[in-house]
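# An overview of the molecular structure
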Amino acid sequence: MKLQEKLISSFDKFGKSLNGSETDSLRKLRAEGIEVFKAKGFPTTKDEEWKYTPLNKSIKHDYDLADGFSSDIKSEDVDPFLCTGIDSYKVVFVNGVFNASLSNITSQDKFFVSHLKDAFEGKSEIFNKYYGKLADTQQSMVALNTAYAQEGAFVYVKAGTVVDKLIQIIYINNDSSRAMMNQVRNLFVVEDRAEVQILERHQSLSDESVFTNVVTETSVGNESHFKHFKVQNDRKTTTLVDSTFVKQGTSSNALVDTFAFGGELTRNNLHFEFAGEHAEAHMDAITLLKGNTVVDHHTFVDHAVPNCQSNQLYKGIYDEKSKGVFNGKVMVRRDAQKTNAFQQNNNLLLTDHAVIDTKPQLEIFADDVACSHGCTIGQLDDEALFYMQSRGIPRKEAKAFLMFAFAGDTLKNITIPELKEQLINLVACELKVDLELNEVNL
Amino acid sequence: MLKIQDLKVEIEGKEIIKGLNLEINKGEVHAIMGPNGAGKSTLSAVIAGREEYEVTAGTIEFEGKDIMDLAPEERAHAGVFLSFQYPVEIPGVSVTNFIKTAINESRKARGLEPMEAKDLLKLMREKQQLLAMDKTFMSRSINEGFSGGEKKRNEIFQMAMLDPKLAILDETDSGLDIDALKIVANGVNKLKNEDNAVMVITHYQRLLDHIIPDFVHVLFDGKIVKSGDKNLAIKLEEKGYDWIKQEIEA
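Presented here is a report on the structure given in the accompanying data block. (Residues numbered from 1 in each chain as written. Chains lettered and ligands numbered in written order. Predicted model: local features only at pLDDT ≥ 70, side-chain atom pairs only at ≥ 80, totals over all residues.)

## Comments concerning the overall build of chain A
Note the following rule: Each helix corresponds to a stretch of at least 4 residues labelled H or I by DSSP, and each strand to a stretch of at least 2 residues labelled E; elements are numbered beginning at the N terminus. To get the radius of gyration, use the C-alpha atoms; to get the globule rule, take the number of residues to the power 0.38 and multiply by 2.2 Å. Whether a residue is buried, exposed or partly exposed is read from the other C-beta atoms within 10 Å of its own C-beta, which are placed from the backbone; 20 or more gives buried, 12 or fewer gives exposed, and intermediate counts give partly exposed. Residues are scored as being in contact if the C-beta atoms we place from backbone atoms lie within 7 Å.
Secondary structure summary: chain A contains ten helices and 20 strands in total. The C-alpha atoms of chain A give 21 Å as radius of gyration, which agrees with the globular expectation for 442 residues (22 Å, within 12%). Its C-alpha atoms give chain A principal-axis dimensions of roughly 70 × 55 × 45 Å. Every one of the 442 residues in chain A was classed for burial, and the buried ones make up 52%. The contacts of chain A with a sequence gap of at least 6 include a subset with a gap of at least 24, amounting to 83%.

Below you can see the structure in the form of structure tokens.
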């Protein structure tokens, strides 16, 4: 049976298995989700939004949807994929199931770092207020997730609170006997004047195919600061579809940083919406690919109110036969005067077979705004490579220097030194060099 | 130290060097002079290993070894240094990080451990002073936004740090005012000793007032057509290149 039919036909059984343990409103959300998915199915390249990124290869595997996957895992298996050297809260999922022994969650008066099932029981008021309210459930991948998702990370920060440590969320998949499809879901609620930083990673430890369809809903309150770092550096047998929705209050500042280095296919749908004025949204990304990998970044920034600012900086380096897509849409609605919206997409193609499709889209209906977009596609500068080689720096290292110099400014919004260092090391590791890469002081 | 025999070089099917012979021994300073398009910069790039140039005949030996098959970095590790006529701007790579990597890669090639950070810092300070360079240089991106003089000083600074056996200075005097020229020349002279050698490629004689050559060669249409001592450079400055052209044609 095709995956699409399997997902649709399995839904009744799934609903029964829940055995009335969920609220009516959640049951209704699920039912609506499966209806949308039934009507739309998996997106195809006939959909304008999916034109450059065919899912057909990813959905041809016979994924197992049922739970009951092994949860046999040791902390040594997970550690290499965590940011180390700093104290952090950890929310660890193994094959889609929350793993308490590997996690370090907290339930305090001021904030709550946990998982969805816990939220559903202990923080049902917050859960009901936000869950399913920020995501666009008319998108078929979001609808599919809404139908099936049971687990994921939950972070709730009360007004006026600064979360003292980085929160690390890691989804480990390690069942080596079956291909697996996961519907996981994050909910982050940050009230007014609060601050939190989150690192999210999806990592497969087996060679079986894994399809992760993750949805994240984030509400950022007035005057709050929110940072979300995503590390996408999974095995060549994985597909990741990530739909992230951020809604920001007045004078808030939100950042989503994406480090897309691997996986067979990665699709990011990043959606920002301003609910109050004087808010700032930042999106930075490094895409560093080789082999046959594909990464598609779709961003949508909705300027519906005046005086907000959005900044997108997407840098891509494509080696071998890899392929990238950047489609950045900025909507400036009629009332959104004094909007500042900037979008930059710079790409390096290292071979004749690497491909980038880049498409900036600005739709501006207000008349007093500052908006810009730019994209570049280039190669490494031979003259600069020869210059460095002539000083004794081998070609591979010289290339790494140039590539890091090209992409390094996307790291500017990372303020936790240990995190920055480890992300830089990850870049160096991807470039296969043992170099001390660092940012130039300007 | 450097022995070039019957060298012929093409780029995109066009022959630039047409049978060139040159021998440089340790302790010597050689000046290569010649009009535009004679092949001076091609010669320096070929010695340093630039791949775009195709060597169609002849040999280049460095310290008795054929270096034709060596990559540019391997030639650098062997002790060849090329100071660029147009040093390349590399935004995002600091002078410090660059020079540290260059030195340690060279040490690695010779089986040595990386240089201790404090030793490196001390050496950098010393060479900075030699070239009268500002401390802030070190944390800036290489050559980015540098003035012409700063770029050339940065080249000689790197030369001082890397301590090559053969330094090729390609039009190092171009774009320099007289004060900067003196600083650069003084730097080169201080680095000069009886175990290394310098090849100065220049259009004009004025750099040779400060870096005194033992030999002067005139490169014309891809060949060395005349060699002499420092007086040849003075004669070229006075009379231009036309008399040489006439001499050849005669």
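## Side note on the sheet that holds strand E12 (residues 253-260) of chain A
Residue and element names in this part refer to chain A. Counted only if it meets this: Note: two strands are recorded as paired if DSSP finds a minimum of 2 bridges between them.
Taking strand neighbours across the sheet as the criterion, the ten strands line up as E2-E1-E6-E8-E10-E12-E14-E16-E18-E20 in an open arrangement whose pairing is mixed. Only two strands of the sheet have a single neighbouring strand rather than two, namely strand E2 (97-98) and strand E20 (370-378). As defined by bridge partners, strand E1 (residues 88-94) adjoins E2 across two bridges and the pair is classed as antiparallel. Following the sheet pairing, Val94 is matched in E2 by Val97.

## Considerations on the nonpolar core
The criterion, for reference: A set of buried residues qualifies as a nonpolar core if it consists of Ala, Val, Leu, Ile, Met, Phe, Trp, Tyr and Cys joined through C-beta atoms within 7 Å.
Counting 187 residues, the largest nonpolar core has Val155 of chain A together with Ile168 and Val200 of chain B as the members making the most contacts within it. If one sorts the elements of this core by residue count, helix H9 (residues 395-407) of chain A sits on top with nine residues. The residues contacting Val155 of chain A, other than those within four sequence positions of it, are Val113, Ile167, Phe188, Val196 and Ile198 of chain A. Residues Met180, Met181, Val210 and Phe211 of chain A belong to the second largest nonpolar core, which totals five residues.

## A short note on the interface of chain B and chain A
The line we're drawing: Lys, Arg, Asp and Glu make up the charged group, whereas Ala, Val, Leu, Ile, Met, Phe, Trp, Tyr, Cys and Pro make up the nonpolar group; the residues left over, Gly among them, are polar.
The partner chain A presents 22 residues to the 24 residues of chain B that form the contact. Listed by contribution, the elements that provide at least two residues to the side of chain B that touches chain A are helix H2 (72-78), strand E7 (90-94), helix H3 (95-109) and helix H5 (148-162) of chain B. In the side of chain B that touches chain A, the residues fall into twelve nonpolar, nine polar and three charged.

## As for the environment of Gly148 of chain B
Residue and element names in this part refer to chain B. Note that Gly148 resides in helix H5. In the structure, Gly148 is positioned 28 residues away from Leu176 in sequence and 6.6 Å away in space, judged by C-alpha atoms. Ignoring sequence-local partners within four residues, the contact set of Gly148 consists of Gly175 and Leu176.

## Some details on the pairing of strand E17 (residues 323-332) of chain A
Residues and elements named next belong to chain A. Extensive coverage of E17 is indicated by the burial of seven of its ten residues. Pairing between strand E15 (residues 294-303) and E17: ten bridges, direction parallel. If you follow Val294 over to E17, its bridge partner there is Lys323.

## Concerning the sheet that holds strand E11 (residues 215-220) of chain B
Residues and elements named next belong to chain B. Which entries qualify depends on this criterion: The convention used is that axes are lines fitted to C-alpha atoms, helices contributing only their stretch in contact, and that angles between N-to-C directions extend from 0 to 180 degrees.
Judged by pairing direction, the sheet is mixed, and its six strands sit side by side in the order E6-E9-E10-E3-E11-E12 without closing on themselves. Each edge of the open sheet is held by one strand with a lone partner, namely strand E6 (80-83) and strand E12 (223-228). On average, adjacent strands in this sheet sit at an angle of 20° to one another, irrespective of strand direction. As paired elements, E11 and E12 share five bridges and run antiparallel to each other. Across the sheet, Val218 pairs through a bridge with Lys226, a residue of E12. The strands touched by helix H1 (residues 40-48) are strand E3 (29-33), E6, strand E9 (166-170), strand E10 (197-202) and E11; relative to E9, the strand with the most contacts, the crossing angle is about 145°. With respect to the sheet, H5 is in contact with E6 and E9, its orientation differing from that of E6 by roughly 170°.

Function cannot be read off these values alone, since they describe shape.
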